Amino acid sequence: MVLHLYNTLTRDKQKFEPIDKNSVGMYVCGPTVYDYAHIGNARPVIVFDVLFRLLKKMYGQEHVTYVRNITDVDDKIIAAHQESGEDISSITSRTTDAFHSDMAALGNLTPTVEPRATDHTPQMIELIQKLIDGGHAYESNGHVCFNVPSMEDYGRLARLNRDELIAGARVEIASYKKDASDFVLWKPSEATQPGWESPWGRGRPGWHIECSAMSAEYLGESFDIHGGGQDLIFPHHENEIAQSCCAQGQDTFAQTWMHNGYLMVEGEKMSKSLGNFITVKELRNIHHGETIRFCMLMTQYRQPLNWTEDGLSQAKTNLDSFYGALRTTSHIEAAIIPAPDNFIAALSDDLNTPQAIVVLHKLLRVLNKAKSNDTLAYAKNNLLAAGKLMGLLQIDPEDWFKWSPVSLGEGVSDSDIGILIERRQIARANKDFALSDKIRDDLFDQGIVLEDSGNGTTWKRA
């Protein structure tokens, strides 16, 4: 199967050919850990998790390195410290743990490497010095700035000339800059701010240099894929290209650039001022993490995503159908088999997850129509293999149907439900249908749905 990916740098879909098929490298910009992750932060994590799974399928688990960084030194973190009084190390530790918890709940794998910016300042200082030595950076009043005019094709990722980039980026016009488009590689730190000793005085790195240094440390000067949200194209990724190529040589750095589209909420831009700012932590209190993941994957990653309650409801309904079929075939032993070719073909077409979901539904129909144990087993394992490649359908069906939102409280317990089902079975055996119906209706009023079949009675939380 041939993988095709859309390359933002070339503006077309290309056949993916790794530099070395035995060592495929992908770098994705991770969180700045100053607050809880919102659903917009979750989208690239889910998108590139699917790509990570697909690359491992194609090239072998031991041949793929996925690097996603943690930015734990940044002006936003300093601002959060100044506003709350909480120690910076406490802020970054707490929010990093929360990020890990949220992303795991959404079914994401752990990256191969997760470097933290504060552990890599020596590499950043070394890279900055290379840029100074090559005439691509200069020191000014304790700052080190990248000299944008020194790079002829600066702006090639965003496809804008330097004047257009300045106009559209709200570039800081500072006295220490030689040119308005120049950007900071190193800045001085006050005594109360995080800082490291450097040839230019005590200070801290600029945001852009962090990713250039960490990607080179773990993937080398040239690697295969660099990913992130569309909002990072300029200035962050443009500046990464400038730093890395000018320090290491033209045409080094990432070969394929991938960006997921923007996320809106109910048709509007997400913002705290509009009251539609949704954190993953808050959303997990209402919806299962897999519902959130499925809802994200219903839209192809490069397209804008309109986040709606209707979409979440549709995702939940879809997953109920899949898990319902898996529940009825719980007597069939699962086995590890390759995902179907038509499913892999959908994902290989620039991560076409909506088409992959269409294939999942086709596999579900095959499973629902299967009769013999052999055909049931084959259909079930095809569905599970495909689901695993998207990080879906890996939960025990009973656990899926018994999960309830935190927002509803504990409600009726599993053991109490079991006792009431036994009472109902006795009532039905005694032909006391009035009591049987009352137990069913009382449970329904508490959000518990009973399902009778030839194999007995099962239940799920609505």
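Report on the accompanying structure. If you're wondering where the values come from, they're calculated on a predicted model, not measured in any experiment. (Residues numbered from 1 in each chain as written. Predicted model: local features only at pLDDT ≥ 70, side-chain atom pairs only at ≥ 80, totals over all residues. Heavy atoms only, no water.)

Where empty space is left becomes clear once a probe the size of a water molecule has been rolled over the atoms. The calculated volume of the second largest pocket comes to roughly 660 Å³. Along the wall of the second largest pocket there are 25 residues; nearest its centre are Arg-53, Ala-385, Lys-388, Leu-389 and Gln-394. Elements represented by at least two residues in the lining of the second largest pocket include exactly helix H1 (39–59), helix H3 (88–105) and helix H13 (373–389). Broken down by element, the lining of the second largest pocket gets its largest block of residues, 5 residues, from H13. Residues belonging to the lining of the second largest pocket are distributed by class as follows: 14 nonpolar, 6 polar and 5 charged. (1 Å grid on protein atoms, 1.4 Å probe; cavity = no way out; pocket = protein on both sides within 12 Å on 5 of 7 lines; lining within 4 Å. Points joined across faces, edges and corners; volume = space filled by probe spheres on them. Helix = DSSP H or I, 4+ residues; strand = E, 2+ residues; numbered from the N terminus. Nonpolar A, V, L, I, M, F, W, Y, C, P; charged D, E, K, R; others polar.)

On to empty space enclosed by the protein, then. All told, the structure shown has 1 cavity of 30 Å³ or more when counted by the stated rule. In this structure, the largest cavity occupies an estimated 60 Å³ of space. In terms of lining residues, the largest cavity is bounded by Arg-43, Ile-46, Val-47, Val-50, Met-296, Leu-297, Thr-299, Gln-300, Tyr-301, Leu-351 and Thr-353. Those elements giving two or more residues to the lining of the largest cavity turn out to be H1 and helix H9 (289–297). Of the residues forming the lining of the largest cavity, the biggest block, 4 residues, is contributed by H1. Along the lines of polarity and charge, the residues of the lining of the largest cavity split into 7 nonpolar, 3 polar and 1 charged.

Counting buried positions along strand E10 (residues 253–260) gives 7 out of 8 residues, so the element sits mostly inside the fold. Across 7 bridges, strand E9 (residues 222–229) lies against E10 in parallel orientation. Each bridged residue has a counterpart across the sheet, and for Gly-227 the counterpart in E10 is Met-258. Between the parallel elements E9 and E10, the chain passes through helix H7 (residues 233–248) in a crossover that is right-handed. (Buried < 20%, exposed > 50% of the residue type's maximum accessible area, 1.4 Å probe, protein only. Pairing = 2+ DSSP bridges. Right-handed = clockwise from strand over helix to strand, strands pointing away.)

Turning our eyes to something else, we now look at unusual backbone geometry. For the bond running from Phe-234 to Pro-235, omega is 10 degrees, close enough to zero to count as cis. Mapping Pro-235 onto the fold places it in helix H7. In this structure, Asp-350 is a non-glycine residue whose phi angle is positive, near 55 degrees. Mapped onto the elements of the fold, Asp-350 is located in the loop between helix H11 (341–348) and helix H12 (353–369).

Counting residues in hydrophobic clusters, the biggest one holds 76 residues, and the most contacted among them are Met-26, Ile-39, Leu-51, Leu-55, Trp-307, Phe-343 and Met-390. In terms of residue count, the dominant contributor to this core is H1 (12 residues). The residues contacting Ile-39, other than those within four sequence positions of it, are Leu-263, Val-265, Met-270, Ile-278, Val-280, Leu-283, Met-296 and Trp-307. Among the nonpolar cores identified, the runner-up in size contains 38 residues, and Cys-29, Val-73, Trp-186 and Ala-254 belong to it. (Core = buried A, V, L, I, M, F, W, Y, C linked by side-chain atoms within 4.5 Å. Contact = heavy atoms within 4.5 Å.)

Glancing now at the sheet that holds strand E8 (residues 203–205). Spatially, E5-E6-E7-E8 is the arrangement adopted by the 4 strands of the open sheet, whose pairing is antiparallel. In this open sheet, the two edge strands, each paired with only one partner strand, are strand E5 (137–140) and E8. Between one strand axis and the next, the sheet turns through 20 degrees on average, direction left out of account. (Axes fitted to C-alpha atoms, helices over the stretch in contact; angles between N-to-C directions.)

Along the chain, Val-366 falls in helix H12. Sequence spacing of Val-366 and Leu-383 is 17 residues, and the spatial spacing of their C-alpha atoms is 9.4 Å.

Glancing now at the pattern of salt bridges. A side chain with one charge can pair with a side chain of the opposite charge if their charged atoms come near. Per the stated rule, a full pass over the model turns up 17 salt bridges. Notably, a salt bridge pairs Arg-293 with Asp-49, separated by 2.6 Å at the nearest N-O pair. Of this pair, Arg-293 sits in helix H9 while Asp-49 sits in helix H1, and the two are 244 residues apart along the sequence. When its relative accessible area of 1% is taken as the criterion, Asp-49 is described as buried. Here Arg-327 ties to Glu-398 by a salt bridge, and the two come within 2.9 Å at their closest N and O atoms. With Arg-327 in helix H10 (residues 309–328) and Glu-398 in helix H14 (residues 397–402), the pair connects residues that are 71 residues apart, well separated along the chain. Arg-327 sits in the buried class, given a relative accessible area of 8%. In the salt-bridge network here, residues are joined through shared partners; they are Arg-327, Glu-398, Lys-402, Glu-451 and Lys-460. (Salt bridge = Lys/Arg side-chain N within 4 Å of Asp/Glu carboxyl O.)

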